[in-house]
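What follows is each chain in one-letter form.
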Amino acid sequence: MPLALLALAVGAFGIGTTEFVMMGLLPDVADDLNISIPTAGHLVSAYALGVVIGAPLLAAATTRMSRRSVLVALMALFVLGNALSAVAPGEISLLAARFVSGLPHGAFFGVGAVVATGMVAPERKARSVSLMFLGLTVANIVGVPAATAMGQALGWRATFLGVSAIGVAAIAALVVLIPRENAPAPTTGLRGELAALRSLPVWLALGTTVAGFGALFAAYSYITPMLTDAAGFADASVTLLLALFGVGATAGNLLGGRLADHSLRGTLFGGLASLVVVLALFPVLMRTPVTAAVSVALLGMAAFITGSPLQLMVMEKATAAPSLASSANQAAFNLANAGGAWIGGLALAAGFGVTSPALAGAGLAVLGLGVAGAAWAVDRRTAATATARERVVAAHVPEGVERVRG
């Protein structure tokens, strides 16, 4: 694998850290700015909104730039957003800074996935994407706990200065490690990129992402009350248990990348099916501390097995213009975050029990399997139509022409 993938992983590490660290810093931020914790929670939403808006917008706005330059510019915007977060004097300015921090997230992963797959042989494409995503999953094991500890010891503003430093290191790595010839400008332009989004297979792939990762976030958004109220863990143990989720996600990401290079569709179906099983078993697994800890790791593994296959499938369905479609898939991930949390919350509010969000997630994973099945059926029908057309053309080619071609 090219060393240039390390530069993408460093950027992904910084992005993963800033995305998830706010959850651990909410009490500190709320106290410092004299606001309530629910109000401080809007800072999480502001970042997610930035991702959803920025992913397609920035990907579309940079279609004439070389992908190497785009990645550097996106990471520079990431540094700016986090630096502004560190010096924000109040709630409104911090909301704006978090929105800016989220803008480059989706486009970085979208364009980065195109660059990563362009640097490797076709049989290693999924693995290259998984190595870029490795920075995101490792951030949940190392980056987020370290950044949270830094914020608690030195103040939350120090955390965002530290994340800005990671962004600067990522810029240096991108400039040094990614050759210009491996990340040229797209040849299709904005019109070609937009045309890719009119494809039904692309939208089915995006729908699979929303349903599949919505299943994850329906359960993961409420994992803390499940661990404390159902499994009986103390509040102080939750941080360590969430690190187990990061370990499982890292293992699933690497496994999914390796398997998808052998069977993209099979890995996707297998990952979604395993997610259904894990989430359906959550009410049973949460009855004892040991099985609950195992279930957290299994949840991360089952969900992230599908990460690389989903990203690669979207890109393959938009082969003529993959940058915008790939970035749109990152927006779909964040829509899944918001939608899954909302659906899990509905189950909880309806009084179905503390583990009911996991069962709601299992239902979403079944829906993801259904959308993936529909995408497979469309592909088969398209392939069958193309084969029939080729046979008709071949049947009407004059015999003399065939001899000349031979």
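Residues numbered from 1 in each chain as written. Predicted model: local features only at pLDDT ≥ 70, side-chain atom pairs only at ≥ 80, totals over all residues. Heavy atoms only, no water.

Undergrad: What is the right way to read the overall build of the protein from this model?
TA: Within the protein one finds 17 helices and zero strands. Here the analysis covers contacts within the protein between residues at least 6 apart in sequence; of these, 84% occur between residues at least 24 apart. As presented, the protein carries roughly 16,700 Å² of accessible surface, and 69% of it is formed by carbon and sulfur atoms. (Helix = DSSP H or I, 4+ residues; strand = E, 2+ residues; numbered from the N terminus. Contact = heavy atoms within 4.5 Å. Areas by Shrake-Rupley, 256 points an atom, 1.4 Å probe, with all protein chains shown as cover.)

Undergrad: Hey, could you run me through the pattern of salt bridges in this one?
TA: Here the structure, examined in full by the defined rule, presents four salt bridges. Among the salt bridges present, the one from Asp 32 reaches Arg 157, with a minimum N-O distance of 3.6 Å. With Asp 32 in helix H1 (residues 4-33) and Arg 157 in helix H7 (residues 156-177), this residue pair connects regions lying 125 residues apart in the sequence. Classification of Arg 157 as partly exposed rests on a relative accessible area of 26%. Between Asp 261 and Arg 127 there is a salt bridge, with the nearest N and O atoms lying 3.6 Å from each other. Taken as a pair, Asp 261 in the loop between helix H11 (238-260) and helix H12 (264-285) and Arg 127 in helix H6 (residues 125-154) lie far apart in primary sequence, 134 residues in all. Judged by relative accessible area, Asp 261 falls into the buried class, the value being 17%. The exposure class assigned to Arg 127 is buried, which follows from its relative accessible area of 17%. Beyond isolated ion pairs, a larger network of salt bridges with shared partners links Arg 265, Lys 317 and Asp 379. (Salt bridge = Lys/Arg side-chain N within 4 Å of Asp/Glu carboxyl O. Buried < 20%, exposed > 50% of the residue type's maximum accessible area, 1.4 Å probe, protein only.)

Undergrad: Explain the packing of aromatic side chains here, please?
TA: The tally for this structure, following the rule as stated, stands at seven aromatic pairs. Where Phe 213 meets Phe 304, the ring centres are 5.7 Å apart and the plane angle is 85°; that geometry is what we call edge-to-face. Of this pair, Phe 213 sits in helix H9 (residues 200-220) while Phe 304 sits in helix H13 (residues 289-304), placing them 91 residues apart in sequence. Phe 304 shares its class with Phe 213; the two are buried. What links up through ring pairs into an aromatic cluster is the set Phe 213, Tyr 220, Phe 245, Phe 304 and Phe 333. (Phe/Tyr/Trp six-rings, centres within 6.5 Å; stacked < 30°, edge-to-face > 60°.)

Undergrad: What is the right way to look at the nonpolar core in this model?
TA: As a rule of thumb, nonpolar side chains are buried together in soluble globular proteins. Counting residues in hydrophobic clusters, the biggest one holds 56 residues, and the most contacted among them are Leu 216 and Met 286. Among the elements that make up this core, the one with the highest residue count is H9 (10 residues). Those residues within four positions of Met 286 in sequence are excluded, and the remaining contacts are Ile 223, Met 226, Leu 227, Ala 230, Ala 231, Ala 292, Ser 295, Val 296 and Thr 355. Leu 74, Met 75, Leu 103 and Leu 136 belong to the second largest nonpolar core, which has 37 residues in total. (Core = buried A, V, L, I, M, F, W, Y, C linked by side-chain atoms within 4.5 Å.)

Undergrad: Looking at this model, I keep getting lost on the packing of helix H5 (residues 91-118) against H6. Mind explaining?
TA: How two helices sit against one another is set out by the angle between their axes and by the gap between those axes. One can describe the packing of H5 onto H6 by two numbers: an axis separation of 8 Å at closest approach and a directional angle of 140°. Relative to H6, the element H5 is oriented oblique. Where H5 crosses over H6, the handedness of that crossing is right-handed. Where H5 approaches H6, its residues Phe 109, Gly 112, Ala 113, Ala 116 and Thr 117 are matched on the opposing element by Lys 125, Ser 128, Val 129, Met 132, Phe 133 and Leu 136. (Axes fitted to C-alpha atoms, helices over the stretch in contact; angles between N-to-C directions. Parallel < 35°, antiparallel > 145°, perpendicular 65-115°, else oblique. Left-handed = near helix turned anticlockwise from the far one by under 90°.)

Undergrad: Teacher, can you tell me more about the packing of H9 against H12 here?
TA: With their axes 11 Å apart at the nearest point, H9 and H12 run at an angle of 25° to one another. In this view, H9 runs roughly parallel relative to H12, as classed from their interaxial angle. Here H9 runs over H12; the crossing is left-handed. Contact residues: H9 offers Thr 208, Gly 212, Ala 215 and Ala 219, while H12 offers Leu 268, Leu 272, Leu 275 and Leu 279. By residue class, the composition of the contact of H9 with H12 is six nonpolar, two polar and no charged. (Nonpolar A, V, L, I, M, F, W, Y, C, P; charged D, E, K, R; others polar.)

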